[in-house]
Amino acid sequence: MKNAVNDGVWSGSWVAERLGVELVGDDGLPALLGLALRRNPKRAHLLVSNVLGKHVPQSPTVVYDHGYRLGRRVRDLLGEAEAAGAVVLGYAETATGLGHAVADGLGTAPYLHSTRRPVAGVAPAGGFEESHSHATSHLLLPEDPGLLAGDGPLVLVDDEFSTGNTVLNTIRELHERYPRKRYVVVALVDMRSPGHADRMERFATGMGARVDLIATARGTVRLPEGVLERGQRLVAEHDQRHDAPEAPYGGVTRVELPWPHRLPDGGRHGFTPAHRARLEAALPAMAARLAEALPAGARRILVLGFEELMYAPLRLARQLEQATDVEVRFSTTTRSPVLALDDPGYAIRTRLAFPAHDEPADGPGERYAYNVAGGGFDAVVVVVDSVADTPALHAPDGLPARLAAHTPHVLLAVVPSYVPHAPERPAMLPEPLRGPAFSSYAPEEVGWLLQDLSGVTLEAPTEEREEAIQSGGAHYAESLPVEYQPSEQYQELFHSALDASAARIAQAVGVVTEAVIAERSPRPVLVSLARAGTPVGVLMRRWARYRHGLDLPHYAVSIVRGRGIDANALRWLAAHHDPRDVVFVDGWTGKGAITRELTQAVEEFERTEGVGGFDPEIAVLADPGSCVRTYGTREDFLIPSACLNSTVSGLISRTVLRADLVGPDDFHGAKFYRELADADVSVAFLDAVSARFPEVADAVGTAVKELMAEDRTPTWAGWRAVERISEEYGIHDVNLVKPGVGETTRVLLRRVPWKILAREGAGADLDHVRLLAAQRGVPVEEVGELPYTCVGLIHPQYTRGATGADGRAVNA
């Protein structure tokens, strides 16, 4: 498939011949524009730009340079003095990137584009209607309310002007609020009739302002009588809606971009010259990251933006094109419904349709990627903002799955959605949530630095979550597993395990607490990592009170693998306590992923916030992975709190981090399962362990002395064992290997297990694991040399279609 002008065939000839449409004007018009048919009752034809980067994949340098040169022409028209006070306004969705490039050409102008996405907490500074569009309402949502209030020239940028109605609506709306003396209208093509051009001149005279127009090319479209009805008949005749066939979806490769902190992802809320400078400085590193992720031998790639998100992917694509010898093309997805027809004389040759995935305000609907199928791309790099990185994006009918039918490699880069906030951070973050309003723990036992999402439906079936997670799509923290409700047999097993191990746990609690008080702080602030660390933090607090009469503060915070610790929780802690007294607490270590995550997160927080003193070393009850220096034991034994989910953790869910629910100044979220109160054993677990404190007090004293005399340097033996197991069992992904009793239990309760490896001779510590494995039909394989009591293996090839609903049968 070829696009634009192919072998001398104009990509508007098919429509022109059948509808009698004529495109007349400058000689360069056929190179700039083709024609297609809209699936829209308001207008029959669509002018398809070959240089806009929306419907037709094009060199990103060509796309950017067209806008940049228009910006230079605006600067020359205005002169240096007036250009210095100009503001550029682009139109969603097609001209958001073009407007950015025009602003770049002007050099000193801030940029704002209209949007069809309302943003909670941001008051509109204006709005207008686009009469012929399939989606008409535009909002103006500048972060700085004064952005449009100046008296300098306003530069309005759209891809093409057919009637001028939209720009007149905009000027009329804004001139009433923010009157000014001069407007400049900019477009790639000016296709107005003489009558429409005269109307704009009369309009400008009537309101006492000057309106200039700059375009790359000029012309007009001559439409015969009855063109709308004939166009609709043609669409009905040819629109069989047979999109390209689906192919097995192998998932996406995520590329983590080093996007600068708090840099806007575009002009939805305003983009200043200072923002532009930050982006310019960061582009080489981000493009290098993309280049590293490209498959070996890739010669032709497409960078595919997302609806209004055009500028960031355009600049990434242009940087990649300039820095490599790969042939790079750029286009974006769109809301616009257009007929696709594989004919050299037609501008839209192929269509991929997929469901909306950014939870739009106007509800669900189809979205499209045009001229991508058949483009011969070795890889497609999809660039979306974080609001659009949802389970719907990664569903079997989502955009990456549709692309996978037409390219061997799909990469995904997610740009953080910029959400405005007041120039000053709120002086007071919310106070911690406490029981009984949030959790079944007593209010003094723990304060949760979380927000309550109990009213939001977040649970998804295990198989559905596993498929989304393993596809490289939805992050595990964006949804919750359905809470496992234990059978009567399993509950009996929990209670018998608790009876058998309470003293052992009590001793480990005492040892780790004494080590913390001796080595970290005489009055530590306990900060448990929700939720597995929270019961341990409560027990450590109880030991400090029992043994030393200390009433230690204890909070629970969220940490998410791959996303880091809740920075707002750290801000709250730094505002209320000395960070040097904070001790992070968790239940146990597996391979040490959270240990590493916390270290990186604390370093990042110190770098970005300028607040130091937090020690990322975690204190844990059990450290079988040899990942930390502060622990109660390094034995891998059953901690009964690992046997259950919320019903042993204060009825609190695992934490949730999703862009549409957690804003930049919010704590991470979690749910309080009040409805499970009848099954709650959270306080019973704590009481059973703390009741054993007196009988283990002497043993704790001895064990602490021995601990202090030992070399406790982490060996990371667990990590090496996990890497070995991952290779030996053909998994090739350490994230699917979960070592230790606690992690194995989580695999059986929350994920799709493949098999369980158990150390030969492991006894009662694994009774509950064997029971759960039997209930789910998961084999338990005894292994001679295993550094852990057991290891849970998540199914390495899980998709519902490929492996069946139970996730156990691997298709060769």
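Residues numbered from 1 in each chain as written. Predicted model: local features only at pLDDT ≥ 70, side-chain atom pairs only at ≥ 80, totals over all residues. Heavy atoms only, no water.

A separate point is the overall build of the chain. For the chain, the count of helices and strands is 21 helices and 32 strands. Within the span of the chain, comprising 812 residues, buried residues form 60% of the whole. At a minimum sequence separation of 6, the contacts of the chain that also span at least 24 residues come to 77%. Of the roughly 30400 Å² that the chain leaves accessible, carbon and sulfur atoms contribute 50%. (Helix = DSSP H or I, 4+ residues; strand = E, 2+ residues; numbered from the N terminus. Buried < 20%, exposed > 50% of the residue type's maximum accessible area, 1.4 Å probe, protein only. Contact = heavy atoms within 4.5 Å. Areas by Shrake-Rupley, 256 points an atom, 1.4 Å probe, with all protein chains shown as cover.)

So, about the nonpolar core. In terms of nonpolar packing, the biggest core is built from 132 residues, with V155, I301 and Y346 touching the most fellow members. If sequence neighbours within four positions are ignored, Y346 has contacts with S11, W14, V15, L35, A36, L37, V338, L339, A340 and L341. Counting residues in hydrophobic clusters, the runner-up holds 81 residues, among them V527, V628, Y673 and A703. (Core = buried A, V, L, I, M, F, W, Y, C linked by side-chain atoms within 4.5 Å.)

Within the chain, residue pLDDT values average 84, and 88% of them lie at 70 or more. Here residues 462–476 scores under 50 on pLDDT; set against residues more than four positions off or in separate chains, the count is 56 contacts. (pLDDT = per-residue confidence, 0-100.)

We now examine helix α20 (residues 767–776). Those residues of α20 that fall on the buried side of the exposure criterion are H768, V769, L771, L772 and A773. Backbone geometry just after α20 places G777 at a positive phi near 70°.

An order of β11-β17-β16-β12-β13 is seen for the 5 strands of this open sheet, with the pairing classed as parallel. Of all strands in the sheet, those with a lone pairing partner are β11 (253–255) and β13 (327–332), marking the two edges. Averaged over all neighbouring strand pairs, the angle between strand axes comes to 25°, with direction disregarded. Of the pairings in the sheet, the one linking strand β16 (residues 379–385) to strand β17 (residues 410–415) comprises 6 bridges and is parallel in character. The partner of V380 across the bridge, within β17, is V410. (Pairing = 2+ DSSP bridges. Axes fitted to C-alpha atoms, helices over the stretch in contact; angles between N-to-C directions.)

Attention shifts here to the packing of helix α13 (residues 533–548) against helix α17 (residues 693–709). Put simply, α13 and α17 touch, their axes get as near as 12 Å, and they point 80° apart. Regarding the angle of α13 to α17, the classification is roughly perpendicular. Residue-level contacts link L539, R542, W543, Y546 and R547 of α13 to F693, P694, V696, A697 and V700 of α17. Along the lines of polarity and charge, the residues of the contact of α13 with α17 split into 8 nonpolar, no polar and 2 charged. (Parallel < 35°, antiparallel > 145°, perpendicular 65-115°, else oblique. Nonpolar A, V, L, I, M, F, W, Y, C, P; charged D, E, K, R; others polar.)

What follows concerns helix α15 (residues 593–609). Taking 1.5 Å as the rise per residue, α15 with 17 residues should run 24 Å; its terminal C-alpha atoms sit 24 Å apart, in good agreement. Turning to α15, its buried residues are T595, E597, L598, A601, V602 and F605. Summarising the axial view, the buried residues of α15 lie within an arc of 160°, below the 170-degree limit, and thus occupy one face. Among the exposed residues of α15, those pointing more than 90 degrees away from its buried face are Q600, E603 and R607. The inward-facing, buried residues of α15 abut β23 (554–560), β24 (564–565), α14 (567–576), β25 (582–588) and β26 (618–622). Count one or two residues on from α15 and you reach G610, which has phi positive near 70°. (Expected span 1.5 Å × (residues − 1). Arc of directions from axis to C-beta.)

As a further point, take the packing of aromatic side chains. Enumeration over the complete set of coordinates arrives at 13 aromatic pairs. Taking NZ or CZ as reference, R315 lies 4.8 Å from the ring centre of Y64, over its face. (Phe/Tyr/Trp six-rings, centres within 6.5 Å; stacked < 30°, edge-to-face > 60°. Lys NZ or Arg CZ within 6 Å of the ring centre and 35° of its normal.)

On the basis of which strands lie adjacent, the open sheet formed by 4 strands has the order β29-β32-β30-β31 and mixed pairing. Here the strands that pair on one side only, and so sit at the sheet edges, are β29 (737–739) and β31 (780–783). Along the sheet, successive strands turn relative to each other by an average axial angle of 20°, direction set aside. Summarising the sheet, strand β30 (residues 753–759) and strand β32 (residues 790–794) pair through 5 bridges and their orientation is antiparallel. Within the sheet, the bridge partner assigned to P753 lies in β32 and is I794. Contacting β29, β30 and β32, helix α18 (residues 717–728) crosses the sheet at an angle of about 140° to β29.

With that settled, consider the pattern of salt bridges. Oppositely charged side chains can form a pair if their charged atoms are brought close together. Enumeration over the complete set of coordinates arrives at 36 salt bridges. A salt bridge links R520 to D615, with the nearest nitrogen and oxygen atoms 3.6 Å apart. Here the residue R520 occupies a position in the loop between α12 (488–519) and β22 (525–530), and D615 occupies one in the loop between α15 and β26, the gap between them amounting to 95 residues. (Salt bridge = Lys/Arg side-chain N within 4 Å of Asp/Glu carboxyl O.)

The next point concerns the environment of K705. By the secondary structure assignment, K705 is in helix α17. Between the C-alpha atoms of K705 and V511, which are 194 residues apart in sequence, the distance is 9.4 Å.

Turning our eyes to something else, we now look at the pairing of β22. The side chains of a regular strand alternate between both faces of the sheet. Along β22, 6 of the 6 residues are buried, which leaves the element largely enclosed by surrounding structure. Side-chain alternation along β22 places V525, V527 and L529 on one buried face and L526, S528 and A530 on a second face that is also buried. Alignment of β22 against β25, held across 4 bridges, turns out to be parallel. What sits directly across from V527, in β25, is F584. Of the strand pairs in this sheet, β22 and β23 are connected by 5 bridges, and their pairing is parallel.

Glancing now at the side chain of T647. Looking at where T647 falls in the secondary structure, it is placed in the loop between β27 (630–633) and β28 (669–670). Taking the relative accessible area as the measure of exposure, T647 reaches 3% and is therefore buried. In this structure, T647 is in contact with L676, A679, D680, V681 and S682, ignoring residues within four places of it in sequence.

Right, let's get into unusual backbone geometry. Look at the link from G435 to P436: it is a cis peptide, with omega at 0°. Structurally, P436 is set in the loop between β17 and β18 (447–448). Here the bond from A530 into R531 is cis, since omega is 0°, no more than 30 degrees from zero. Summarising the element assignment, R531 is placed in the loop between β22 and α13. Its identity is not glycine, yet N371 carries a phi of approximately 60°, on the positive side. Considering the arrangement of structural elements, one finds N371 in the loop between β15 (366–370) and β16. A residue is classified by how much of its surface remains accessible, and N371, at 0% relative accessible area, is buried.

With that settled, consider the packing of helix α3 (residues 60–83) against helix α9 (residues 311–323). It is the contact of α3 with α9, at a shortest axis distance of 8 Å, that shows an interaxial angle of 120°. By the angle class used here, α3 and α9 are oblique. Crossing of α3 over α9 shows left-handed handedness. Residues P60, T61, V63, Y64 and D65 of α3 form the contact with α9, whose own contacting residues are Y311, L314, R315, A317, R318, E321 and Q322. Across the contact of α3 with α9, the residue classes tally to 6 nonpolar, 2 polar and 4 charged. (Left-handed = near helix turned anticlockwise from the far one by under 90°.)

Let us look at the environment of P124. Along the chain, the position of P124 falls in the loop between β5 (111–113) and β6 (126–129). For P124, a relative accessible area of 48% translates into the label partly exposed. The spatial distance from the C-alpha of P124 to the C-alpha of P142 is 7.5 Å, given a sequence separation of 18 residues. When sequence neighbours within four positions are dropped, the list of residues in contact with P124 reads L139, L140, L141 and R177.

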